[in-house]
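Architecture and fold: a report
Here are the chains, one letter per residue:
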Amino acid sequence: MIEVGVNGYGTIGKRVADAVDSQPDMELVGVAKTKPNFEAHTAVERGYDMYAAIPERAPLFSEDGIEIAGVVDELVAAADVVVDCTPSGIGAENKSLYESHDTPAIFQGGESADIADVSFNARANFDEAVGARYTRVVSCNTTGLSRIVAPLQEEYGVEKVRATLVRRGGDPAQNSRGPINDILPNPIGIPSHHGPDVQTIFPDLSIDTLGLKVPATLMHVHSLNVTLESDVTAAHVRQLLEDENRVYVIPEGLGIDGAGKLKDFALDAGRPRGDLWENCVWGESIAVEGRDMYLFQAIHQESDVIPENVDAIRAMLDVADKRESMRRTDKHVGIGV
Ligand code: NAD
C-alpha cells in the first residue's frame, strides 16, 4: 500500500486527495491545510486526517472544532510520497521540507520546471519519471496539449504545432481574478510561455502558442493546428483520438456546443464536482487539409491534471508500468466512462 500525503488542499489538492483515496493500492495518510475553512470541514467529513500546514496556526483548527492529526512535518515523515498542491511558488519553498525527510514529492505546473528531475505527462513520458525523487506534473494546458501531441507524433510524426489558447480568467471560486468584461491577449508577446512548457515533455517538438484570457471560469478552449509528417484523413485522426482513454471526442448530435454544456453534461452524469478529466475534442472540428490537422478542444483546468498526479506516484515508486498505472487510475477515478 502506498502511503500518500497531500500538502495544500485547494482546487487541485482536494481532487488529488479524492483520486488517491479511490485507488486500492494507495492510502491517503492525510491532508495539510493552512486554515480551517469550509474545505477543511469537508475533508474531515470525508474521513481525511487533517494536518496543520503552518504549525503556529494549529490551535485555529481545534478552536474551530477540527481535531488535527499533527503538523505538516509529521505528514511528510509518515508518507511514502507527498503531492504538493500549494499555490505557485510555495512548492519551491516546501522542497527543503521534503528533502529533510527524504520523502519524494510531486509538484504542480505552477512551479518552474527546474524544481524537479522530470516534468511529467503520463501518456507522453511516464517512463522518464520511474524512480525520480521529484516530479512536476505539468499545467492543465500543457497536459491538454501533450495528450494530443503524443498519439499524433507516434502515429504520423509532427512537423509543427500551432495552438491558440483561449484561457479562462480564473477558477469559479477565484473572485479576485479577471477580466470581468474584456478580451485580453495574454501574454501580449508572441509566442506565449506555453510552448516551452510543452517542450519540457517533448524537447524536440516545434511548437508556437498564443494566449488570450476571457471572462469565463468554466474551461480553457484550444484552437489547434498540427502540421503532420505524413498525409492523413480526418476520419483516421478521429479514430486515433477516440482510442485515447483521456480524450473524449464529443459526438455530433449531442448538442454540446461549448464549455457550458460540457460542464452540464458532466454534472448530469453525476461526476464529482462536474469534473472533466479528459480532453474534450469536438469531433466535427477535426479537419485535415493536406498534412495540416485542425481541431477545437476544451480543457477542464481544475481536473485534467488529477489522473496525471496519481500516475506520477506509481511511476516514481516504480510499482506499475505506464499502461497498468493509467488503466488503474482511469478505472478507479471513473475516467472514460
Ligand atoms: P489553490 O489556491 O486553489 O489551492 C492552494 C491551497 O494551498 C490553498 O488551500 C492554500 O490555502 C494552500 N496553501 C497556501 N500556502 C500553503 C502552505 N505553505 N502549505 C500548505 N498549503 C498552503 O491553488 P490551485 O489552483 O489548487 O493550484 C495549486 C497548484 O496547481 C499551482 O501550482 C497551480 O499552478 C497548479 N494548477 C492549477 C490549476 C488550476 O486551474 N487551478 C490547474 C493545473 C495546475
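Everything that follows concerns the structure shown earlier in this document.
Parameters at a glance
- Residues numbered from 1 in each chain as written.
- Predicted model: local features only at pLDDT ≥ 70, side-chain atom pairs only at ≥ 80, totals over all residues.
- Heavy atoms only, no water.
- Buried < 20%, exposed > 50% of the residue type's maximum accessible area, 1.4 Å probe, protein only.
- Helix = DSSP H or I, 4+ residues; strand = E, 2+ residues; numbered from the N terminus.
- Contact = heavy atoms within 4.5 Å.
- Pairing = 2+ DSSP bridges.
- Right-handed = clockwise from strand over helix to strand, strands pointing away.

Across the 11 residues that make up helix H1 (residues 11-21), a large majority, 9, are buried. Every buried residue belonging to H1 is among Ile12, Gly13, Lys14, Arg15, Val16, Ala17, Asp18, Ala19 and Val20, and all of these are buried. Elements in contact with the buried residues of H1: strand S1 (2-7), strand S2 (26-33), helix H2 (38-45), strand S5 (81-84), helix H11 (306-317) and helix H12 (322-333).

Across the two faces of S5 the burial is the same, with Val81 and Val83 and Val82 and Asp84 all buried. Direction of pairing for S1 relative to S5: parallel, over a ladder of 4 bridges. When the sheet's bridge partners are listed, valine 6 is paired in S5 with valine 83. Handedness of the S5-helix H5 (residues 90-100)-strand S6 (residues 105-107) crossover: right-handed.

This next bit is on the environment of valine 149. Looking at the secondary structure, you find valine 149 in helix H7 (residues 140-155). A residue is classified by how much of its surface remains accessible, and valine 149, at 3% relative accessible area, is buried. For the pair valine 149 and phenylalanine 202, spaced 53 residues apart in the sequence, the C-alpha separation amounts to 8.9 Å. When near neighbours in sequence (up to four residues on either side) are disregarded, valine 149 contacts Val158, Val161, Phe202 and Leu205.

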